[in-house]
Amino acid sequence: MSGEALQRRYHEVRERIARACQRSGRDPATVGLVAVSKQQPAEALAALAALGQRVFGESYLQEALSKQAVLAHLPLEWHFIGPLQGNKTRLVAEHFAWVHSVDRERIARRLSEQRPEALGPLQVCIQVNLSGEASKSGVEPEALVPLAEFVEACPRLQLRGLMTLPARNEDLERQRRPFARLRELKQRLADHLGRPLDTLSMGMSADLEAAVLEGATWVRVGTALFGPRPPRP
Ligand SMILES: *Cc1c(COP(=O)(O)O)cnc(C)c1O
């Protein structure tokens, strides 16, 4: 994609977020943009970084690590948003600021044990599997409280909130339902833990407006920024 096209897309995504904020009386500064750069080459990330984007989301560990090495001179913040396997946790704990996809105790325990002390706590969201979920990842809502209590007790993890990845839906009102559900689950969890949780990671290219209307604090946007993803090598 040309630099001009990328700039136009970046501006459009920022505008979409701003309009959804306006519609819901929210301050656009409260909605962070995770640029989902999986399957995009390092040059595309560098080009977006040059336009002012700082936070990037990746789903595939090896791919992410090679881009991080190439872009190490840039002040970027890396978020891991993909499914996590036990044998990958060490590199995730060492190379990312955030993990959005914690969905079981074993993963949380390993991330906490493997997080280098010098980096400070790893910021985490628990991924919740709501009805109609596209993927099999995510904890069932019924199992959320015990998992959150476990994460809360992990010394090098900082539990920030919840993430979800609902099945595609074209209709705005239908898109809002799982996001409203996640917002309610977060509120109930915060009440249970006796402290506020400040993060709702929800909304992608096709449904970011619905997510912002329901309180998203991170939207994770790939295609709308970078165009269609090339196939994985
Ligand atoms: C790929 C991906 C996204 C971005 O999806 P787009 O539709 O390209 O915006 C967001 N979140 C997760 C977890 C993803 O895997």
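Refer to the preceding data block for the structure.
Residues numbered from 1 in each chain as written. Predicted model: local features only at pLDDT ≥ 70, side-chain atom pairs only at ≥ 80, totals over all residues. Heavy atoms only, no water.

### Quick notes on the side chain of Lys67
Take Lys67: it is sitting in helix H3 (residues 61-70). Looking at Lys67, the relative accessible area reads 5%, which means it is buried. (Helix = DSSP H or I, 4+ residues; strand = E, 2+ residues; numbered from the N terminus. Buried < 20%, exposed > 50% of the residue type's maximum accessible area, 1.4 Å probe, protein only.)

### Description of the environment of Trp218
One can find Trp218 in strand E8 (residues 218-221). Trp218 has contacts with Gly32, Leu33, Val34, Val55, Glu77, His79, Trp98, His100, Thr199, Leu200, Ser201 and Met202, leaving out every residue within four places of it along the chain. (Contact = heavy atoms within 4.5 Å.)

### Observations regarding the pairing of E8
Here E8 shows a buried face lined by Trp218 and Arg220 and a second buried face lined by Val219 and Val221. Here strand E1 (residues 32-36) runs beside E8; their pairing, made up of four bridges, is parallel. In the strand pairing of E8, Val34 is matched with Arg220. (Pairing = 2+ DSSP bridges.)

### Some remarks on the site of the ligand
As a matter of local geometry, the ligand sits amid 13 residues, with Lys38, Ser205, Gly222, Thr223 and Arg229 nearest to it. In this structure, an oxygen atom belonging to the ligand sits 2.6 Å away from a side-chain N or O atom of Lys38. At a separation of 2.8 Å, an oxygen atom of the ligand approaches a polar side-chain atom of Arg229. In isolation the ligand offers 390 Å² of accessible surface; the protein chains occlude 92% of this area. Taken together, the residues that form the shell around the ligand break down as six nonpolar, four polar and three charged. (Near = heavy atom within 4 Å. Polar contact = N/O pair within 3.5 Å; in protein donor to acceptor, adjacent residues only side chain to side chain. Areas by Shrake-Rupley, 256 points an atom, 1.4 Å probe, with all protein chains shown as cover. Nonpolar A, V, L, I, M, F, W, Y, C, P; charged D, E, K, R; others polar.)

### Brief notes about the packing of helix H6 (residues 144-152) against helix H7 (residues 172-193)
When two helices pack together, their arrangement is given by the angle between the helix axes and the distance between those axes. Two elements in contact, H6 and H7, have axes separated by 11 Å at closest approach and are oriented at 55 degrees. Considered as vectors, H6 and H7 are oriented oblique to each other. Crossing of H6 against H7: the hand is right-handed. For the pair H6 and H7, contact is made by Leu144, Val145, Ala148, Glu149 and Glu152 and by Leu185, Leu189, His192 and Leu193, respectively. Residue classes in the contact of H6 with H7 are distributed as six nonpolar, one polar and two charged. (Axes fitted to C-alpha atoms, helices over the stretch in contact; angles between N-to-C directions. Parallel < 35°, antiparallel > 145°, perpendicular 65-115°, else oblique. Left-handed = near helix turned anticlockwise from the far one by under 90°.)

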